[in-house]
Amino acid sequence: LVLHRWLGVLVFVCVSCHMGFFWIYWYRNPPPSTTLSTLNVTTTTTTTVSPASNRQHEGGNGEGGTIASTWNDTSYLFGFIAWCALLAILLTSLPIIRRRFYDFFLVSHLLFLLYFIGATAHKGVSVVFFLLGLVFVLYDKIMQLNRFRNRFLVTTIDINHGLVKLRFRGKLPRTHKPAQFVFMCVPSLSWLQWHPYTLSSTPACDEHEVCIRALGDHTQQLFSYCTSVKSIPSNSLYVCVDGPYGAAGPACALSSAPVKMLIVGGIGVTPAISLLRVFYNQHYPLSAPAPDAIVLDNLAPADGAEMHEALLETIHVDQSLPHVYFVWTVAHSEQYEWFRADLEAIAAAARASPSFPQLSIIVHVSQETSGLSPPCQPGR
């Protein structure tokens with residue numbers, strides 16, 4: 001995606017420079033304001049123009065004609081139309097448009113067809129440069145169709161203070177490592193929209209979990225839809241998943257550090273939850289407050305320790321890690337309820353076993369100053 005965006009910007013810059021240089025030339029060599037045709041005068045004029053002079057008037061394009069014929073050439077009009085199409089694509093791709101009006105952003109990319117037509121009409125040779133890109137586009141679309149084969153039945157829909165947790169079982173298309181993300185599509189809402197969501201579950205868990213906060217148009221629609229289908233049979237909601245992708249455990253790249261700090265804000269807490277579950281061997285998400293007696297290892301006793309050590313190795317975590325600080329900033333204390341049960345279970349595991357690192361949980365609430373109970377405290 002990053003490469004796609006930068007290549008798009010680079011194409012727009014190159015086309016703009018190409019057009020801008022012609023405008024500079026025409027500004028310095030303005031075309032005639034009147035022509036014989038506008039004066040309705042029929043004359044016969046014989047003018048001898050040397051080849052060098054002719055090329056100078058043409059701006060070096062080597063096609064014959066004068067400044068007037070170059071200015072009135074419809075091929076340049078098509079070139080300007082192609083540039084306008086690129087400009088429209090660039091403007092509708094700005095984050096303020098893309099995040100608030102994703103469907104409009106997606107449809108506006110069809111203006112690429114107008115750019116293709118305009119550029120081809122401007123210079124026929126342009127089609128040669130489009131062929132290679134067209135091959136990659138077709139290959140990408142075919143691969144995207146293949147993603148719909150990875151369908152998963154949603155087994156649990158958990159809604160809590162503007163957050164919906166979707167859990168589904170099955171083998172993911174790619175190897176799962178902690179703190180990675182997947183692209184997910186809900187076909188019952190839209191076949192076109194694929195959005196990235198971090199997996200807050202761990203690779204050791206056979207139930208995958210994504211947490212979605214109702215912020216944009218699509219997530220608000222998804223939240224409303226999940227609210228309406230929560231009470232009906234579980235086979236009513238399927239999701240298509242592609243991934244996981246991303247670096248494994250980006251917050252834990254420095255394995256030799258004596259202290260780990262996970263500093264997150266809002267819904268950005270999901271990768272940190274995944275990492276904490278790995279650190280403290282809490283691989284199964286909890287949907288209810290943790291009881292007094294907590295099962296610290298939900299895996300089979302024979303496999304739990306081995307799997308836990310393997311996961312720590314995948315993210316390069318030193319098992320002698322003495323202390324982990326978890327700092328989470330939220331707007332309201334009710335957002336702490338999103339993962340309160342999980343954090344309480346993890347904290348209980350840290351206290352109960354000396355083999356786990358010490359854990360300090362700090363939750364800053366930015367919009368409230370009173371009535372807060374630990375670990376919540378006012379601040380940012």
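The structure this text deals with has already been given above.
The rules behind each value
- Residues numbered from 1 in each chain as written.
- Predicted model: local features only at pLDDT ≥ 70, side-chain atom pairs only at ≥ 80, totals over all residues.
- Heavy atoms only, no water.
- Phe/Tyr/Trp six-rings, centres within 6.5 Å; stacked < 30°, edge-to-face > 60°.
- Helix = DSSP H or I, 4+ residues; strand = E, 2+ residues; numbered from the N terminus.
- Buried < 20%, exposed > 50% of the residue type's maximum accessible area, 1.4 Å probe, protein only.
- Lys NZ or Arg CZ within 6 Å of the ring centre and 35° of its normal.
- Axes fitted to C-alpha atoms, helices over the stretch in contact; angles between N-to-C directions.
- Parallel < 35°, antiparallel > 145°, perpendicular 65-115°, else oblique.
- Left-handed = near helix turned anticlockwise from the far one by under 90°.
- Contact = heavy atoms within 4.5 Å.
- Nonpolar A, V, L, I, M, F, W, Y, C, P; charged D, E, K, R; others polar.

Chemist: Give a detailed account of the packing of aromatic side chains, specifying residues and quantitative values.
Modeler: Throughout the structure, instances matching the rule amount to 15 aromatic pairs. Summarising the aromatic geometry, the rings of Phe-22 and Tyr-76 are spaced 5.6 Å apart at their centres and angled 55 degrees between planes, so their arrangement reads as tilted. One end of the pair, Phe-22, is in helix H1 (residues 2–28); the other, Tyr-76, is in helix H5 (residues 74–92), and 54 residues separate them in sequence. Classification of Phe-22 by relative accessible area gives partly exposed; the value is 22%. Here Phe-112 and Tyr-115 contribute two aromatic rings whose centre-to-centre distance is 6.2 Å and whose plane-to-plane angle is 40 degrees, an arrangement assigned as tilted. Of this pair, Phe-112 and Tyr-115 both sit in helix H8 (residues 111–122), three residues apart, which is roughly one turn of that helix. Three or more aromatic residues link up through ring pairs in this structure, and these residues are Phe-326, Trp-328, Tyr-336, Trp-338 and Phe-339. Directly above the ring of Tyr-238 sits Arg-151, whose terminal nitrogen or CZ lies 4.4 Å from the centroid. In this arrangement the basic side chain of Lys-165 is found over the ring face of Phe-339, its NZ or CZ atom lying 4.3 Å from the centre.

Chemist: Would you mind going over the packing of H1 against H5 in detail, with residue names and values included?
Modeler: The interhelical angle for the contact between H1 and H5, taken along N-to-C directions, is 140 degrees, at an axis separation of 10 Å. Taken together, H1 and H5 sit at an angle that is classed as oblique. Crossing angle aside, the handedness with which H1 passes H5 is left-handed. Touching Val-9, Val-11, Phe-12, Val-15, Ser-16, Met-19, Phe-22, Trp-23 and Trp-26 of H1 are Tyr-76, Phe-80, Trp-83, Leu-86, Leu-87 and Leu-90, all from H5. Partitioning the contact of H1 with H5 into residue classes produces 14 nonpolar, one polar and no charged.

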